[in-house]
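Fold and geometry: a report
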Amino acid sequence: MAVKVAVIGAGAAGLFAAAQLLRRGISVDIYERNDRVGKKLSITGKGRCNLTNKCTPAQVFENVVTNPKFLFSAINSFTPDDTIEYFERLGVPTKEERGRRVFPQSDRAADVVKALEKDVTSRGGNIRLNTRVLAVNRLGAKAEAIYEGGSERYDCVVVATGGASYKGTGSTGDGYSFAKALGNKIITPRAALVPIYLKEDVTSLAGLSLKNVTATISSPGRADISMFGEMLFMHRGVSGPIILSLSSLCAGRVNERGEFSSASLLIDLKPALDEEKLDRRIVRDLSEGHTKAIKNVLPALMPKSLIPFVLKQAGISPERRACDVTARERESLVATVKRLNFTPSHLGGIDEGIITSGGVDVKQIDPRDCKDKLADNIYFIGEVLDVDALTGGYNLQIAFSTAYICARGIAERYNSAQ
Ligand SMILES: Cc1cc2nc3c(=O)[nH]c(=O)nc-3n(C[C@H](O)[C@H](O)[C@H](O)COP(=O)(O)OP(=O)(O)OC[C@H]3O[C@@H](n4cnc5c(N)ncnc54)[C@H](O)[C@@H]3O)c2cc1C
């Protein structure tokens, strides 16, 4: 009799696992609580979907924040190159951007979702939309999915319900309760890749994007953590790729509510210039500006909206004439441009997290195929697991790689034709 598997959740991991199972001749029902598949996937990468990172498995591990060792088999079995090849074959040509980030050439996440959905449906996968699974049980050598209005038996159930952030996309943490009921430990879910809120009023900076800057979180008694790249000011804090990544490295610097006790966010606005070069550049700008107020000279060096913050921290009046600026004031200006200082107050909450850190404890999951060691025919893949990575396409790669080894493991287990 044909092997039958239920996949719970039609996100990145669930759709890809289903496609891989179907490819191996296994029949699949996918349960999705939403009225469409891939709701979160369709908003990834600001609607462009950074689907992986063109790097080696070793470089993936360097960017995994939680439990990189668990992912060793998964990432080595299905690598970033495999992801690119898979999507190219499905008719989604890709392109590489800054930081080796890979996107569809069309810049449309919707194309990635459509391609995955077609790979599933064209192979006979049965997608049950608007069907929320309420529990997953083990029944001897079988497993059971209980959903609103019924239940069904399967050879295996694959839980791909995602994390607990961006709940509007359908990932509300249901997989955690399934795992808990089976006896698994859940590592307390918390937001990762979140904005950092600031104590200062930065409303006037909202929308300002800074490219090629270095942001550093500095806390007493701890090594500084720095990232180079792009960041963005919001009404009450900061976000953008380097801030999101920094936020994931703040464990131990915040309390359980995500509040910083004592820390600074230092922004180097000109990382390419050392203090000496920067001073020479400022001397030149000031002498060219000569009779102008300094606030009207600095736009050559930095965005206009930042000038009041920089001058205030440097202790220089915005109206001071360029020719009157003293060597000491210039020194203070250089120091401020290299270390513009803000005070982090807290990390964004779980619903603002691009991903969830925490989840099903990987100690109880077999790293070779993502099988639950406590429930032989139940598997957990993707973000529901206690794994998370920095920005750059690594999180989707984790979803695809864990889905791949799971499908391969189920197929090998039931001796299906490859
Ligand atoms: C705004 C945003 C941008 C992002 N951009 C990127 C990016 O560019 N690159 C990158 O690598 N990562 C990105 N991520 C992270 C990435 O989207 C996730 O890591 C990835 O989607 C996880 O895949 P998953 O399949 O495990 O979970 P999900 O994609 O969350 O899918 C889970 C699915 O399960 C369904 N579900 C949940 N519970 C049930 C239930 N009880 N019954 C039935 N169905 C259920 C949900 O509705 C959902 O469709 C981004 C995340 C966000 C929020």
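Presented here is an overview of the structure given in this document. Residue numbering note: each chain is counted from 1, following its sequence as written. Given that this is a predicted model, residues contribute local features only at a pLDDT of at least 70 and side-chain atom pairs are listed and counted only at 80 or more, while totals for whole chains, interfaces and linings are drawn from all residues. To get the side-chain values, all heavy atoms of the structure are used, and hydrogens and water are removed first.

What to know about the side chain of Asn-34
Definition in use: Each helix is a run of H or I in the DSSP string that is no shorter than four residues. Each strand is a run of E no shorter than two, and both are numbered from the N terminus. In this scheme, a residue with accessible area under 20% of its type's maximum is buried, one over 50% is exposed, and one in between is partly exposed, where area comes from a 1.4 Å probe on protein chains only. Throughout, a residue-residue contact means that at least one pair of heavy atoms, one from each residue, lies within 4.5 Å.
By the secondary structure assignment, Asn-34 is in the loop between β2 (27–31) and α2 (44–47). Residue classification places Asn-34 among the buried residues on the basis of a relative accessible area of 13%. In this view, Asn-34 contacts Lys-39, Leu-129, Asn-130, Thr-169 and Gly-170; residues no more than four positions away in its chain are not counted.

Things to note about the packing of helix α9 (residues 275–289) against helix α11 (residues 327–338)
Helix packing geometry: the angle between the two helix axes and the distance between the axes. Heads up, the rule is: The angle between two axes is taken between their N-to-C directions and runs from 0 to 180 degrees, where each axis is a line fitted to C-alpha atoms and a helix contributes only its stretch in contact. Roughly parallel here means an angle under 35 degrees, roughly antiparallel means over 145, roughly perpendicular means 65 to 115, and every remaining angle is called oblique. Left-handed describes a crossing whose near helix is turned anticlockwise from the far helix by less than a right angle; the clockwise case is right-handed. Amino acids are sorted into nonpolar (Ala, Val, Leu, Ile, Met, Phe, Trp, Tyr, Cys and Pro), charged (Asp, Glu, Lys and Arg) and polar (every other residue, Gly among them).
Two elements in contact, α9 and α11, have axes whose closest approach is 10 Å; the angle formed by their N-to-C orientations is 120°. Taken together, α9 and α11 sit at an angle that is classed as oblique. Two packed elements cross with a definite hand, and for α9 against α11 that hand is right-handed. Contacts from Glu-275, Leu-278, Asp-279, Ile-282, Val-283 and Leu-286 of α9 reach α11 at Arg-330, Leu-333, Val-334, Val-337 and Lys-338. Of the residues assigned to the contact of α9 with α11, the class counts are seven nonpolar, no polar and four charged.

Focus: the pattern of salt bridges
Counted only if it meets this: A pairing counts as a salt bridge when a side-chain nitrogen of Lys or Arg comes within 4 Å of a carboxyl oxygen of Asp or Glu.
Using the criterion set out here, one finds 31 salt bridges in the structure. Notably, a salt bridge pairs Glu-319 with Lys-295, separated by 2.8 Å at the nearest N-O pair. Of this pair, Glu-319 sits in the loop between α10 (307–314) and α11 while Lys-295 sits in the loop between α9 and α10; the two residues are 24 residues apart in sequence, bridging distant segments of the chain. Lys-295 sits in the partly exposed class, given a relative accessible area of 31%. Taking the shortest distance from any N to any O, the salt bridge between Arg-321 and Asp-324 comes out at 3.4 Å. In this structure Asp-324 comes out as partly exposed when scored by relative accessible area, which is 34%. Here the salt bridges do not stand alone but share partners, grouping Lys-4, Asp-29, Arg-128 and Glu-152 into one network.

Describing the site of the ligand
Stated precisely, the cut-off is as follows: Here a residue is considered near a molecule or strand provided that any single heavy atom belonging to it is located within 4 Å of it. Polar contacts, as used here, are pairs of N or O atoms within 3.5 Å; protein pairs need one atom able to donate a hydrogen and one able to accept it. Residues neighboring in sequence count only if both atoms are side-chain atoms. Computed with a 1.4 Å probe, the accessible areas rest on the Shrake-Rupley method; for each residue, only the protein chains presented here act as cover.
Around the ligand sit 34 residues in total, of which Ala-13, Glu-32, Asp-174, Glu-383 and Leu-396 are the nearest. For the ligand, an oxygen atom lies 2.6 Å from a polar atom in the side chain of Glu-32. Note that a nitrogen atom of the ligand is positioned 2.9 Å from one of the backbone N or O atoms of Asn-50. Burial of the ligand by the protein chains amounts to 95% of its free accessible area of 1000 Å². Elements with a minimum of two residues in the shell around the ligand: α1 (12–23), α2, α7 (174–181) and α12 (394–413). A breakdown of the residues in the shell around the ligand according to their chemical character gives 13 nonpolar, 15 polar and six charged.

Bear in mind that shape data such as this cannot, by itself, settle questions of function.
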